[in-house]
Amino acid sequence: MTRYLALLGSINIGGNRVKMVDVKAAFADAGYGDVTTIAASGNVVLDSDQDPAMLEIGLEDLIKTRFGFNSCVMVRARGEVRAAVHENPFHGTGPEHGSDKMVHSIFLSQQPEQTAVDALIEEHRSKGSERLAIGDRVLFLDYVHGVGVSDLSSKFLERRLKVKGTARNMNSLKNILGKMGE
């Protein structure tokens, strides 16, 4: 069995309200092992023998069937979650790094075209103080002054990069890693 993090997008925002205890029960009922939920924002750690791509499809279907709404699910193994923290160029200590609350890793459904990433970075260069960089199926973003005042919303990023994504800040990711047994 492999230990995975399932990042559920669109959970407990808008009309997609669900208790994490119910998500945990649904995943356990579906046969996933050692299910743990972290916070109310759609972080589920579980054990599975399934291929990650098939696991994503199965979990999306489970959420639709059990809770009645669509959620884009990103599944990552422990090493990928660790990389989303440690390879984030805006995370760390020192004046060149952002705060753990403002620095995010946005997990992407697939690797975006480099030309789309370059165009996004160039377009935003003169519009805001946020900093962006790309990793392996993850966009690193330092919101600097906060998500709420940024033009770089998830919908905006998805349109520009032509991939779906779900974001977690460094505080959340470090907590998740701890629960995954880093």
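Model, not experiment: these values are computed from the prediction.

Definitions and limits used
- Sequence positions are assigned chain by chain, starting from 1 and proceeding in written order.
- Only residues with pLDDT of at least 70 are given local features in this predicted model, and only at 80 or more are side-chain atom pairs given and counted; all residues enter the totals for whole chains, interfaces and linings.
- Side-chain measures here rest on the full set of heavy atoms in the structure, leaving out hydrogens and waters.
- A side-chain nitrogen of Lys or Arg and a carboxyl oxygen of Asp or Glu constitute a salt bridge if their distance falls within 4 Å.
- Helix and strand definitions follow DSSP, with helices as H or I runs of at least four residues and strands as E runs of at least two, each counted in order from the N terminus.
- Exposure is judged per residue with a 1.4 Å probe applied to protein chains only, and the accessible area is read against the type maximum: over 50% gives exposed, under 20% gives buried, and values in between give partly exposed.
- Two strands make a pair as long as DSSP finds a minimum of two bridges between them.
- Structural elements are reduced to axes, namely lines fitted to C-alpha atoms, with helices fitted over the stretch in contact, and the angle between N-to-C directions of any two is expressed from 0 to 180 degrees.
- Residue contacts are defined here by distance: any two heavy atoms, one from each residue, within 4.5 Å place the two residues in contact.
- Grouping buried Ala, Val, Leu, Ile, Met, Phe, Trp, Tyr and Cys residues that are joined through side-chain atoms within 4.5 Å yields what is termed a nonpolar core.
- Roughly parallel means an angle under 35 degrees; roughly antiparallel, over 145; roughly perpendicular, 65 to 115; everything else is oblique.
- Think of it as three bins: nonpolar holds Ala, Val, Leu, Ile, Met, Phe, Trp, Tyr, Cys and Pro, charged holds Asp, Glu, Lys and Arg, and polar takes everything else, Gly as well.

K.L.:
Got a minute to help me understand the pattern of salt bridges in this structure?
P.N.:
The final tally for this structure, using the stated rule, is 10 salt bridges. Between E80 and R137 there is a salt bridge, with the nearest N and O atoms lying 2.7 Å from each other. Taken as a pair, E80 in helix α3 (residues 78-86) and R137 in the loop between β6 (131-134) and β7 (138-142) lie far apart in primary sequence, 57 residues in all. Note on E80: relative accessible area 32%, which makes it partly exposed. What makes R137 partly exposed here is its relative accessible area of 22%. With its nearest N and O atoms 2.8 Å apart, the salt bridge here joins E123 to R160. Here E123 is found in helix α4 (residues 114-124), whereas its partner R160 is found in helix α5 (residues 154-161), with 37 residues between them in sequence. R160 gets classed as partly exposed once you look at its relative accessible area, which sits at 31%. Look at the salt bridges and you will find they share partners, linking R3, D34 and D47 into a network.

K.L.:
Would you mind going over the pairing of strand β2 (residues 33-38) with me for this structure?
P.N.:
Across four bridges, β2 lies against strand β3 (residues 43-48) in antiparallel orientation. Within β3, the residue paired with G33 across the bridge is D47. In this structure, the hairpin formed by β2 and β3 is closed by a connection of four residues, where A39 is found at a positive phi of approximately 65°.

K.L.:
How should I be thinking about the sheet that holds strand β8 (residues 165-169) in this particular structure?
P.N.:
Taken in spatial order, the four strands of this open sheet run β6-β7-β5-β8, and their pairing is antiparallel. This sheet does not close on itself; its edge strands, each paired only once, are β6 and β8. Sheet twist, expressed as the average angle between the axes of neighbouring strands with direction ignored, equals 20°. Pairing geometry for strand β5 (residues 103-108) and β8, over five bridges, is antiparallel. Within the sheet, the bridge partner assigned to F107 lies in β8 and is T166. Packing against the sheet, helix α6 (residues 170-180) makes contact with β5 and β8, and its axis sits at approximately 85° to β8.

K.L.:
Just to check I follow, could you spell out the nonpolar core for this structure?
P.N.:
Buried together is how nonpolar side chains tend to be arranged in soluble globular proteins. If you look at the biggest cluster of nonpolar residues, it comprises 20 residues, and the most contacted ones within it are A6, L8, F27, V44, L46 and L59. Of all the secondary structure elements, the ones that give two or more residues to this core are β1 (2-8), α1 (20-29), β3, α2 (52-67) and β4 (73-77). Here L46 is in contact with T2, R3, Y4, A6, F27, Y32, G33, D34, V35, L55 and L59, once residues within four sequence places are set aside. One finds L5, V81, V85 and L173 within the second-largest nonpolar core, a separate group that totals 19 residues.

K.L.:
Please clarify how the packing of α4 against α5 should be interpreted in this entry.
P.N.:
The description of two packed helices rests on the angle between their axes and on the distance between the axes. In contact at an axis separation of 9 Å, α4 and α5 are set at 130° when each is read in the N-to-C sense. In terms of axis orientation, α4 runs oblique to α5. Within the contact between the two elements, α4 uses A116, V117, L120 and E123 and α5 uses F156, L157, R160 and L161. Looking at the contact of α4 with α5, its residues break down into six nonpolar, no polar and two charged.

Read these as spatial facts, not as claims about activity.
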